[in-house]
Amino acid sequence: MEADALPVELWQLILSYLKLPDLGRCSAVCRAWHEIVLSLDKTHWQQLCLGYLKHRHPNWPNHPDVEPWSWRETFKQHYLASKTWTKNMQDLESSNCLSLFRRRKGRRQLSVGTGGEFSSLRAALAAASPYDRLVLLPGMYEEQNEVLLNVPVEVVGQGMLGDVALLMSIDQHCPTARLCNILFLPSRFTSVLYKTTAGYVQFDNCAFKSGQLQIHAPGTCQVKFCTFNQSSIHLRNVALCILENCEFTSSANANVTIEGCPSSNHNWACKHMAMLAKSCAAPTEPSTAHCPGAEQDDLGESLLGPVRTCEIIVGEGRSSFLSDAGAQVLPGSVQEDAEFEENLWAAKEEEEEYLALDSNSSDSDLCSDDEEDAQAVFRVPCQTHSLSQTLADLADSRLQSNRLHDLQRDLKLKSLQQELQQDKEAQSLSNSLQGCIIRQCLFRDGKGGVFIYSRGQAKLEGNVFRNLTYAVRCIQNSKVVMLRNEIHHCKASGIFLRLSAGGLIADNNIHSNCEAGVDIRKGANPLVLCNKIHSGLRSGIVVAGNGKGIIRSNQIYGNKEAGIYILYNGNPAVSGNHIFQGLAAGIAVNENGRGQITGNIICENQWGGADIRHGGDPILRNNLISCGYSDGVVVGEHGMGFIEGNAIYGNRGCGVWMTSSSLPHVSNNQISHNSIYGVAVFCRKDDNGDQPHGQGQRGSENFQEEREGASWESYSIDEEEYPAAWHSVSVALVELNNISHNGAAGLHVKSNEPLNIFANIIHTNHDSGVAVLQSSQLTRITNNSISCNSRGGVLVEAECQVELRGNGIYENGSHGIISKGEGVIAENDIISNHRCGLQLLQAADMKVIKNRIQSFRDYGIVLFDEAKGLVQENIIFQGRSKKSILRPPANAEDCIIQNNVLLTLKKRFDMECMLTNPPARPHIRGRPLEPHAVAGAQRVSNITTRVDGGCHNHGSIFCTVL
C-alpha cells in the first residue's frame, strides 16, 4: 500500500501496534514509510524504550525529567549495548590458540533457578559454551566460594531489578562478559563482588550493595545505568574504562578510586570504548558570563537576577559614578558620604578660622564680579607646564568613560571554547581519553566521590556531586579532567589537588560547599578555566603550600570568605576572572603567598577588592577593582607586592589602604572616585582592631597542614615575571599613579615608617591633595603634580618629617602647602592656589629653598611667630595687587630669610614667562607623556627602578599616565 493512501495520523496509529521486529521491517520498505516510522519518536518509540525493564531513562539519574533528542536513537543504543561485549570475535578468530572462543551463530540461552535447566549459577557456567546467554530466574543465588568465570557469557536477570540477587564473589578470567539486571550482594567471606585482572566486563542496569568492584589492568570495564549503595569501584592501572549514568550513594570511602598510571598493555575493548567515548562526547559550549555589567540575555536582564551594578563615569561630579541600580541597592550611600564630608570639614573648621585671621580676604568672595579682571591678569597660566595635556585629558569625562569601557571590553569573560582555541595544552587535556571516563553520574550522601592517586588519570563530564565530604581528590602526580560537572554542598572542599597533581577543571558549577570550592596545595598545578564558583561558606579557590595553577576566565562570586585565597607560598597565575559580590575580600594574599593577578574584574566585594597581609607578595596588575563596599586594595601588616596598572574606581572606602608596616610598590594605577581617601597609609596595626572604615578581622582557614610543611617545596622565580622579587625593598613606594576625584584627601599619611611618594598626579580630590598627619620617619614627596584639589595642596602636621621636592602644586582650593612639621621644601612650583602659597605655622622647622611661589589672592609665604627654619633663594611672585608677597614672623631670630627674589608682575607677557626657565614642575624628562588605558597586552608600563633609601631625584623618568 502506498504511504499516501491514508492520512499520516492513521498510519501512525496503525504502526503503533507493531512490535519491534515488524516496526524495523516497515522502516525498510521505502523512504515514505521510513519517515512515518521516525515520526513515532515521541510516542511509540518512547513507550518501547521505557517499557523494557532493563532499560532506564537515558538522562537518569541526574535529569530524568529531560527528554533525549531522539527516543528511537536511545532505544537503539540500549539495544546495541547488549551486542558490544562480543566485539572481540575477529581478534579471537585471528589466533589459533583462541579458536575455542569462536562465537557460534546459534548461541544457546540457558535458564538458571527454580524451574530452570540449572539450579545454580556455578553449574550453568560449567555447562556453558562461549557467548551463551544465562537467564537467571527471580530468586537469590548464593555461593560459599569464589566463582570463576572462565567462559565469555552473558548473565541476565529476569524481572524487575532486585528480583535476582547474587550473594557471591565472581573472578573473571575470560576475555569478555556482560551482566545485566542483577543485584550484587557481598558474600560472607569477602566484600569483593566482582573482579577481573585481564578481561572486559560490561554491567548494564545492575545494583551493587555494600561491596566493591575491582578492575586491574589489562582488564577494563564499562558500567552503565547502575546503582551503587555503600559500594565502590577500584581501578588499578586501567588503560581505559567508562562509567555512565550511574548513581553512587552512602559510601564510607571514595565511590570511585583510580590508582596508578594507565597501562600501556591495552585490552581488546579499549579501542571500542575510545570510539564510543568520542562519539558520545558532549560538544564544548560557550559559557555565559554573569558578572554585573558584562553579559546579559536577549531581554537585557541579568542572568544572576537583581544585582548591584556600577557604571563609572569619570568627571567633575561625584554623583555620577554610581548607576541607578547601584543607588537603589545603596540607599544610604549618598547620605553617608555627605555625613562623612560634613564631619571632615567640621573637624578642620577651627584650624581654618585660625588661618583666616591672617588673611585679608575669605574664600567666599573668591569669584566676585569685580575681581574677574584681576583674575585674568594675575592668574598664572600653569596649564603651560609639562602635564597640561595630561590633566586636560584626565578632566575629560567622556575620554575616561571610553577608557573604562575599553578596559571592560578587554577584560570580558572568555568562553571555554575560546580558551581551548587559544590554549593548546587545555585543548589536549579536554580531548584526552585515558584512565577512567565518568559521565552523567550522580554521587551523593557519602564520604567521597572520586579519588585519584599515584599517577592515575580520570575524565569527569556532566556529573553531579552533592552532600559528600569531598567530590574529587587528586594527589601524587595524578591528572584529572573535569568538564561541566556540578559540585555542591560538600562538607569540606569540593575539589582537592595535592602533591603535584594537575589537569583541567573547566566549565563546572561549584557552589554551596562548606570549605573551598577548589583547594590547590603542595605543588599541584591545574588549569582552572571558565567555572562558576559561588555561594561557598568559605573561600572560592584556595592556593596554598606551594600550590600553583592557572586560574582563568572564572566567575567567582557570593562566597563568604575571599573569592581567591593565596597563602603559604601559593603562586598561581590568576587572570581574566570576574570576582564579585563576595562577603569578604575579592582576592586575599596572606602568609607569604605570591601569585600573578592580572586582568581581572574585581567588584562589589564587602572587604577589600585585593587584600594583602602577613608576607603576601603578589603581582597585582591591570585589574579593574571597583564598587567595593570597603577599600579597593588593602595592604595590611607586613604585606608587600607589586601593585601596577590597576583601575581602582568607586569603592566606598579608600582606593588603596595600607599600614606603615607594609612594603608595597604601588605604581601606575588609576585611583579615582573612591568615597574616602585615594591612598591611605596608617600606622595602626591590623591586630589591634583599630582600623578605618570597612576593615575587619579576617577569618582564617584551617591551614595547619601548610604550617607544618610550608617549606616542603620552593620554586624559582624569573626576574622578568616577578620584578618585585629581585629588588631589595625597604621603603614603601607610591609612584606614577593618577589619584583623582576621591571623597577625601588624595593621599593620606599617618605613618611611623619611611614612605616615598613619587611622580604621581594627585588632582580634583575632595580634600587636600596630600595630608601628612603623622610621620615619625621621613616621608619623601617628590616630582608629583598636585592640583585642583578642593582644600590645600599639601598639609603637614606637627612633628612630621617630610621632604617636598620637585612638585608642581597648582590651583588648589585653599593653601598650596601648610606645614607644622619639619623637613625640606625645595624646588617646587607652588602656583595659583586660592589662598597662601606656603604657610609655616606653630612649631614648623622647614628649609624652604629654590621654590617658585605665587598666590593670586593671598601671601606667597606666611611665617607665623613660632615657625623656624630657612627661607632662601625662592622666587616669590606677587598675586593680587596691593597684597604683600612675603609675611615674615614678628620674631625672626629662629627663622632665616635670605636671598629670595620678590617679583611684581603686571603684564600678561611676564606672567606667561614665569614658568619657562626652568619649565613647570614636575620635570618629566625623556619622552613625552602618553595617556593610555590600563587594559590589555597592548599597554606598556615604564617603571622606575626601585632602590633602597628613596626615590630618584635625577635622571630620566618615564611617567605612564592612566
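Throughout, a residue's number is its position along its own chain's written sequence, starting from 1. This being a predicted model, a pLDDT of at least 70 is required before a residue's local features are given, and a value of 80 or more before pairs of side-chain atoms are given or counted; all residues contribute to the totals for chains, interfaces and linings. Computation of side-chain values: all heavy atoms of the structure, hydrogens and water removed.

Attention shifts here to the overall build of the protein chain. The secondary structure listing takes helices from DSSP runs of H or I that are at least 4 residues long and strands from runs of E that are at least 2 residues long, numbered from the N terminus. Within the protein chain one finds 18 helices and 75 strands. Summary of the burial criterion: residues with accessible area below 20% of their type's maximum are buried, those above 50% are exposed, and those between are partly exposed, where the area comes from a 1.4 Å probe applied to protein chains only. Sorting the 962 residues of the protein chain into buried and exposed places 59% on the buried side. Pairs of residues are marked as contacts when any of their non-hydrogen atoms sit within 4.5 Å. In the protein chain, the share of contacts with a sequence separation of at least 24, taken over all contacts with a separation of at least 6, comes to 54%. Shrake-Rupley sampling with a 1.4 Å probe provides the accessible areas, and residues are treated as covered by the protein chains on show and by no other component. Summing over all exposed atoms, the protein chain offers an accessible surface of approximately 37,700 Å²; the carbon and sulfur share of this is 49%.

This paragraph deals with a nonpolar patch on the surface. On the surface, Leu10, Leu13, Ile14 and Tyr17 cluster together into a nonpolar patch covering about 420 Å² of accessible area. Exposure remark for Leu13: the relative accessible area of 47% places this residue in the partly exposed category. In this scheme, patches are assembled from residues that exceed 30% relative accessible area and form no salt bridge. Like charges are connected within 9 Å, while nonpolar side chains (Val, Leu, Ile, Met, Phe, Trp, Tyr) are connected within 5 Å. Salt bridge, as used here, is a side-chain nitrogen of Lys or Arg placed within 4 Å of a carboxyl oxygen of Asp or Glu.

As a further point, take helix H3 (residues 31–38). Buried within H3 are the following residues: Trp33, Ile36 and Val37. End-on, the buried residues of H3 take up no more than an arc of 100°, which puts them together on one face. Residues of H3 that are buried sit in contact with helix H1 (8–15), helix H2 (20–27) and helix H4 (41–51). Directions pointing from the helix axis toward each C-beta atom define the arc.

The criterion for an aromatic pair is that two Phe, Tyr or Trp rings (for Trp, the six-membered ring) have centres within 6.5 Å, with stacked assigned to planes under 30 degrees apart, edge-to-face to planes over 60 apart and tilted to the rest. Counted according to the given criterion, the structure contains 15 aromatic pairs. A centroid spacing of 5.3 Å and a plane angle of 75° characterise the contact between Tyr200 and Trp268, whose relative ring orientation is edge-to-face. Taken together, the residues Tyr200 in strand E11 (residues 200–204) and Trp268 in the loop between strand E19 (254–259) and helix H8 (269–280) connect sequence positions 68 residues apart. For Tyr200, a relative accessible area of 0% puts it in the buried group. Between Phe203 and Phe208, the aromatic rings sit 5.3 Å apart at their centres with planes inclined by 80°, giving edge-to-face as the arrangement. Judged on exposure class, the residue Phe203 and its partner Phe208 are both buried. In this scheme, Lys NZ or Arg CZ marks a charge over a ring once it lies within 6 Å of the ring centre and within 35 degrees of the ring normal. Sitting over the ring of Phe496, Arg473 keeps its end group 5.2 Å from the ring centre.

None of His or the chain ends enter the tally, which takes Lys and Arg as positive and Asp and Glu as negative. Taken as the charge centre is NZ of Lys, CZ of Arg, CG of Asp or CD of Glu, depending on the residue. A surface patch of negative charge is lined by Glu799, Glu822, Asp845 and Asp894. Note on placement: Glu799 falls in the loop between strand E61 (794–796) and strand E62 (801–805). Classification of Glu799 as exposed rests on a relative accessible area of 71%.

Here the focus is the environment of Gly653. By the element assignment, Gly653 lies in the loop between strand E48 (647–649) and strand E49 (656–659). C-alpha separation for the pair Gly653 and Gly628, spaced 25 residues apart in sequence, amounts to 7.7 Å. Apart from the residues lying within four places of it in its own chain, the contact partners of Gly653 are Ser630, Asp631, Asn674, Ser675, Ile676 and Tyr677.

Counting 134 residues, the largest nonpolar core has Phe184, Phe203, Leu235, Val450, Val472, Leu497 and Ile541 as its most contacted members. Residues in contact with Phe203, not counting those within four places in the same chain, are Leu179, Phe184, Tyr194, Phe208, Leu213, Gln222, Val223, Lys224 and Cys226. Throughout this description, the term nonpolar core refers to a set of buried Ala, Val, Leu, Ile, Met, Phe, Trp, Tyr and Cys residues connected via side-chain atoms within 4.5 Å. Membership of the second largest hydrophobic core comes to 15 residues, among which are Trp85, Ala239, Leu240 and Leu276.

Moving on, we get to the packing of H2 against H3. The geometry of H2 relative to H3 is characterised by a closest axis approach of 7 Å and an angle of 140° between their N-to-C directions. The pairing of H2 with H3 is recorded here as oblique in orientation. Residues Leu23, Cys26 and Ser27 of H2 touch H3, and the partners they reach there are Trp33, His34 and Val37. Basically, the charged four are Asp, Glu, Lys and Arg, the nonpolar ten are Ala, Val, Leu, Ile, Met, Phe, Trp, Tyr, Cys and Pro, and anything else, Gly included, counts as polar. Of the residues in the contact of H2 with H3, the class split is 4 nonpolar, 2 polar and no charged. Helix axes use the C-alpha atoms of the stretch in contact, all axes being lines fitted to C-alpha atoms, and the angles between their N-to-C directions lie in the range 0 to 180 degrees. Angles below 35 degrees are treated as roughly parallel, those above 145 as roughly antiparallel, those between 65 and 115 as roughly perpendicular, and all remaining angles as oblique.

Pairs can form between side chains of opposite charge once their charged atoms are near each other. Evaluation of the coordinates by the stated rule reveals 28 salt bridges. Across the pair Glu154 and Arg178 runs a salt bridge whose closest N-O atoms are separated by 2.3 Å. Of this pair, Glu154 sits in strand E5 (residues 154–157) while Arg178 is found in strand E8 (residues 176–180), placing the two residues 24 residues apart along the sequence. Arg178 carries the same exposure label as Glu154, and that label is buried. When the shortest N-O distance is used, the salt bridge between Arg178 and Asp204 registers 2.8 Å.

It is worth spelling out the confidence of the model for the protein chain at this point. For the protein chain, per-residue confidence averages 78 on the pLDDT scale, and residues scoring 70 or more make up 73% of the total. Note that pLDDT drops below 50 for residues 89–104; the model gives that stretch 17 contacts with residues more than four away or on any other chain. Values of pLDDT, the confidence the predictor places in each residue, fall between 0 and 100.

For the rest of this paragraph, the subject is the pairing of strand E16 (residues 232–236). Within E16, 4 of the 5 residues are buried, which leaves the element mostly enclosed by the surrounding structure. Here strand E13 (residues 212–216) pairs with E16 via 5 bridges, running parallel. Within E16, the residue paired with Ile215 across the bridge is Leu235. When DSSP finds two or more bridges between two strands, those strands count as paired. Across 4 bridges, the pairing between E16 and E19 is parallel. Across the sheet, residue His234 finds its bridge partner in E19, namely Thr257.

Considering the arrangement of structural elements, one finds Leu161 in the loop between E5 and strand E6 (164–167). Residue class for Leu161 comes out partly exposed when judged on its relative accessible area of 30%. Between the C-alpha atom of Leu161 and that of Asn181, which follows or precedes it by 20 residues, the distance is 5.4 Å. Leave out the neighbours within four places in its chain, and Leu161 touches Arg56, Asn181, Ile182, Leu183, Asn205, Cys206 and Ala207.

Moving on, we get to H4. Residues separated by three or four positions in an α-helix point in the same direction, a consequence of the helix having 3.6 residues per turn. By the burial criterion, the buried members of H4 are Asp41, His44, Trp45, Leu48 and Cys49. Projected onto a plane normal to the axis of H4, the buried residues spread over an arc of 130° and lie on a single side. Of the exposed residues in H4, those oriented more than 90 degrees away from the buried face are Lys42, Gln47 and Gly51.

With respect to the helices, strands and loops of the structure, Asn245 is situated in the loop between strand E17 (240–244) and strand E18 (247–249). It is 8.3 Å that separates the C-alpha atoms of Asn245 and Val223, two residues lying 22 residues apart in sequence. With residues near it in sequence (within four places) discarded, Asn245 still touches Pro58, Asn59, Trp60, Pro61, Lys224, Phe225, Cys226, Arg439, Gln440 and Cys441. Nitrogen and oxygen atoms within 3.5 Å of one another constitute a polar contact, given that in protein one can donate a hydrogen and the other can accept it, and given that sequence-neighbouring residues count only through two side-chain atoms. Here Pro58 takes part through its backbone oxygen, which lies 3.1 Å from a polar atom of the side chain of Asn245. Among the polar contacts made by the side chain of Asn245, one reaches the main-chain carbonyl oxygen of Trp60 at a distance of 2.7 Å.

Bringing the side chain of Asn651 into the picture now. Residue position: Asn651 is located in the loop between E48 and E49. Residue classification places Asn651 among the buried positions, given a relative accessible area of 1%. A polar contact is formed between the side chain of Asn651 and the backbone oxygen of Ile625, at a distance of 3.4 Å. Excluding residues that lie within four positions of it along the chain, Asn651 makes contacts with Ile625, Ser626, Cys627, Gly628, Ser630, Asp631, Gly632, His673, Asn674 and Ser675.

Moving on to unusual backbone geometry. The linkage connecting Ala217 with the following residue, Pro218, adopts the cis geometry, with an omega of 5°. For Pro218, the location among the structural elements is in the loop between E13 and strand E14 (220–224). Between Arg921 and Pro922 the backbone carries a cis peptide bond, its omega angle lying at 5°. Located in the positive-phi region is Asn477, a residue other than glycine, with phi close to 60°. Within the secondary structure, Asn477 sits in the loop between strand E25 (470–474) and strand E26 (479–483).

Take the pairing of E25 next. Burial of E25 is extensive: 4 of the 5 residues sit out of reach of the surface. Of the strand pairs in this sheet, strand E22 (residues 448–453) and E25 are connected by 4 bridges, and their pairing is parallel. Looking at E25, one finds that Phe451 is bridged to Arg473. Of the strand pairs in this sheet, E25 and strand E28 (residues 495–497) are connected by 3 bridges, and their pairing is parallel. Across the sheet, Val472 pairs through a bridge with Ile495, a residue of E28.

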